[in-house]
Amino acid sequence: MEKFKVTPWEVEGKVDYDKLVKEFGLKLINEGLKKRIVKHTKDLHFMLRRNIFFAHRDLDKVLNDYEKGKGFFLYTGRGPSGKMHLGHIIPFYFTKWLQQKFKVNVYIEITDDEKFLVKNQTWEEIKTYTMENILEIAAVGFDIKRTFIFRDSEYIANIYPLVLKVARKINFSLVKAVFGFKNSTNIGLIFYPAIQIIPTFFEKKRCLIPAAIDQDPYWRIQRDLAESFGYYKTAAIHSKFLMPLKGPTGKMSSSDPTSAIFLDDSEKDVERKIMKYAYSGGQPTIELHRKLGGNPEVDVSFQWLKYFFEPSDKKLKEIEEDYRSGKLLTGELKQILIEKIVKFLKEHSKRKEKAKDRIIEYMYEGKLARKMWEKQYE
Ligand code: TYM
């Protein structure tokens, strides 16, 4: 068995998702649950159909609450330690879909504090990335009346008493066990988990968190504590990772530009990176490829189409069959992906232009934002 490791700050090796589900005590999103979702959403997001969002905690209870009219809310976030890559933006597009379908509030935490504590960057650098990242997230197009984007270092005064109450219930041995903290870990980071838990308490309703599976450790602590504070245990819906360009081990990293495509990469960058770095499941020569066909399971271009860039199941299936049979060559498959990414990035950057004026609303002046700045969490 190959070794692998998943924490909120590191992914190493080839992730065995079944093993994580067992280790973390998650449930898979089964067909029954998908049917229940479709009852309300009419269509099923392709990331659910394809089990990219594949595991959950209490998603069934969220649906119960919704059906009974109690409602729920969404919470997700981003640690602004660099430019955002394609993997980082996936949970946000998925969260937007959920917001549109269920008409619920979305809280987006920007953890400038966390990233300052984890990374070796100046506060100035973190601040710059914070504003850049918020713009990327605003470009996704959340419902302004129902969305609040906040950065920890600024919103902290509104939540500090509650943070303290939570922090007092978490001891060092717990976070050591959950996050692998050591005696050499700085004390800021040891305290930080108390902060990432708080937004799950923003409403007296069940919270649903869409994110990749790496964030789960926080939710485990939240679930042990929530009821003692009179709140619900948070629910969560977990995705797998969009794999790095170089193949199915580890994760995309902002500090290694050849491992990822960034939201501000140019058409040329996209073409160069995919052509040069995207790991191929094809054969070494055209003759062999025509004869033996390619392997889409390990092929990064195919996997990226499956995860995000080709929403049509019919088209994806055609591509898969043609690649397996050897009809479609690696270079041609890469070309399909390049076109899709370039189109996505063009549209995203157009939305970014428009979103510039809206940041103030998401953070301070929108309906939900205003309400949140008036609130003090005791
Ligand atoms: P961060 O900035 O590391 O990641 C932002 C979001 O992207 C997800 N993610 C990925 N999804 C798919 N493929 C990938 N390769 C990939 N890499 C990262 C992460 O799971 C996350 O959802 N501590 C958090 C910020 C945070 C947060 C939250 C995230 C605060 N509150 C609530 C989710 C939900 C962080 O540093 O995320």
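In this convention, every chain numbers its residues from 1, walking through the sequence in written order. For a predicted model such as this one, the threshold for reporting local features is a pLDDT of at least 70, and the threshold for listing and counting side-chain atom pairs is 80 or more; totals across whole chains, interfaces and linings nevertheless cover every residue. With hydrogens and water stripped out, all remaining heavy atoms of the structure feed into the side-chain values.

> Can you help me understand the packing of aromatic side chains in this one?
What describes a pair of aromatic rings is the distance from one ring centre to the other and the angle between the planes of the rings. The aromatic pairing rule takes the rings of Phe, Tyr and Trp, using the six-membered ring of Trp, and pairs them if the centres are within 6.5 Å, calling planes under 30 degrees apart stacked, those over 60 edge-to-face and the rest tilted. Within the structure shown, the criterion is met by 34 aromatic pairs. Each ring, one from Tyr107 and one from Phe202, has its centre 5.1 Å from the other, and the planes form 70°; the classification is edge-to-face. In this pair, Tyr107 sits in strand β6 (residues 106-110) while Phe202 sits in the loop between α11 (193-197) and β8 (206-212), placing the two residues 95 residues apart along the sequence. Each residue's exposure class comes from its accessible area (1.4 Å probe, protein chains only) as a fraction of the maximum for that residue type: buried when under 20%, exposed when over 50%, partly exposed otherwise. Among the residues examined, Tyr107 registers a relative accessible area of 1% and is labelled buried. Given the relative accessible area of 1%, Phe202 is considered buried. By the ring-pair criterion, three or more aromatic residues cluster together here, those being Phe73, Tyr107, Phe148, Phe150, Tyr155, Phe202, Tyr364, Trp373 and Tyr377. Charge-over-ring contacts are defined here by two conditions on Lys NZ or Arg CZ: a distance within 6 Å of the ring centre and an angle within 35 degrees of the ring normal. Positioned over the ring face of Tyr17 is Lys240, at 5.8 Å from the centre of the ring. Cation over ring: Lys240 sits above Phe54, and NZ or CZ is 5.2 Å from the ring centre. Under the scheme used here, helices are H or I runs from DSSP no shorter than 4 residues and strands are E runs no shorter than 2 residues, and both carry numbers assigned from the N terminus.

> When you look at the confidence of the model for the protein in this model, what are you seeing that I'm missing?
Detailed conclusions should not be drawn from predicted coordinates in areas where pLDDT is low. pLDDT measures how confident the predictor is about each residue, on a scale from 0 to 100. Overall, the prediction assigns the protein a mean pLDDT of 96, with 99% of residues at 70 or greater. Here strand β2 (residues 11-12) stands out as the least confident element of the protein, with mean pLDDT 89; β6 is the most confident, with 99.

> I would appreciate a short explanation of the pattern of salt bridges in the present structure.
Charged atoms that come close allow side chains of opposite charge to pair. Any carboxyl oxygen of Asp or Glu within 4 Å of a side-chain nitrogen of Lys or Arg constitutes a salt bridge here. Within this structure, the stated rule accounts for 33 salt bridges. Here Glu154 makes a salt bridge to Arg151, at a shortest N to O gap of 3.5 Å. Classification of Glu154 as partly exposed rests on a relative accessible area of 29%. Under the relative-accessibility criterion, Arg151 is labelled buried at 17%. A salt bridge links Lys246 to Asp256, with the shortest nitrogen-to-oxygen separation between them at 3.2 Å.

> Teacher, can you tell me more about the site of the ligand here?
Near is defined per residue: the residue qualifies when any heavy atom it owns lies within 4 Å of the molecule or strand. The full set close to the ligand counts 23 residues, and Tyr75, Arg78, Gly79, Glu114 and Asp214 are the nearest of them. Nitrogen and oxygen atoms within 3.5 Å of one another constitute a polar contact, given that in protein one can donate a hydrogen and the other can accept it, and given that sequence-neighbouring residues count only through two side-chain atoms. Gly79 is positioned with one of its backbone polar atoms (N or O) 2.8 Å from an oxygen atom of the ligand. Residue Glu109 places a side-chain N or O atom 3.0 Å away from a nitrogen atom belonging to the ligand. Computed with a 1.4 Å probe, the accessible areas rest on the Shrake-Rupley method; for each residue, only the protein chains presented here act as cover. Coverage of the ligand by the protein chains reaches 99% of its 680 Å² of free accessible surface. Residue assignment for the shell around the ligand shows that the elements contributing at least two residues are β5 (72-78), α5 (86-102), α6 (112-118) and β8. The residue inventory of the shell around the ligand, partitioned by class, reads nine nonpolar, eight polar and six charged. Residues are grouped as follows: nonpolar covers Ala, Val, Leu, Ile, Met, Phe, Trp, Tyr, Cys and Pro; charged covers Asp, Glu, Lys and Arg; every other residue, Gly included, is treated as polar.

> Teacher, can you tell me more about the side chain of Arg57 here?
By the element assignment, Arg57 lies in strand β4 (residues 53-57). Polar side-chain contacts of Arg57 include one of 2.8 Å to the backbone oxygen of Phe24. In this structure the side chain of Arg57 is engaged in a polar contact, spanning 2.8 Å, whose partner is the side chain of Asp216. Between two residues, a contact is recorded if the distance between any of their heavy atoms is within 4.5 Å. With residues up to four places along the chain from it excluded, the contact list for Arg57 reads Phe24, Gly25, Leu26, Asp216, Arg220, Arg223, Ala235 and Ala236.

> Got a minute to help me understand the sheet that holds β8 in this structure?
Whenever strands of a sheet pair, they do so through backbone hydrogen bonds, lying parallel or antiparallel. Two strands qualify as a pair provided that DSSP identifies no fewer than 2 bridges between them. Strand order across the open sheet formed by seven strands is β3-β4-β9-β8-β5-β6-β7, with mixed pairing between neighbours. The strands lining the two open edges of the sheet, one partner per strand, are β3 (27-28) and β7 (147-151). Here β5 runs beside β8; their pairing, made up of three bridges, is parallel. By the bridge assignment, Leu74 is partnered in β8 with Leu208. Lines fitted to the C-alpha atoms define the axes, with helices restricted to the stretch that makes contact. Angles between their N-to-C directions range from 0 to 180 degrees. Sitting on the sheet, helix α4 (residues 59-67) touches β4, β5, β8 and β9 (235-239), and the angle it makes with β8 is about 135°. Each of β6 and β7 touches helix α19 (residues 367-374); the most contacted strand, β7, lies at about 50° to it.

> Can you walk me through the domain arrangement of the protein in this structure?
Interface extent is often summarised as the accessible area lost during association of the parts. The domain boundaries here were taken from an automatic or database domain assignment. For the protein, the domain assignment lists domain 1 (5-245) and domain 2 (257-353). The gap between the C-alpha centroids of domain 1 and domain 2 is 28 Å. Listed by partner, the interface residues are 22 residues for domain 1 and 31 residues for domain 2. Interface area lost by domain 1 to domain 2 is led by Arg50, Leu86 and Leu245, which between them contribute 33%. At the boundary of domain 1 and domain 2, one finds four salt bridges. At the junction of domain 1 and domain 2, the tally comes to 17 residue pairs in polar contact (both at pLDDT 80 or more). Looking at the side of domain 1 that touches domain 2, the elements that each hand over two or more residues are α3 (46-49), α5 and α7 (123-139). Considering every element that reaches the side of domain 1 that touches domain 2, the biggest residue donor is α5, with four residues. Looking at side-chain class alone, the side of domain 1 that touches domain 2 contains 16 nonpolar, one polar and five charged residues. The buried area of a pairing is the accessible area, by a 1.4 Å probe, that goes missing from both parts when the two are put together, added over both.

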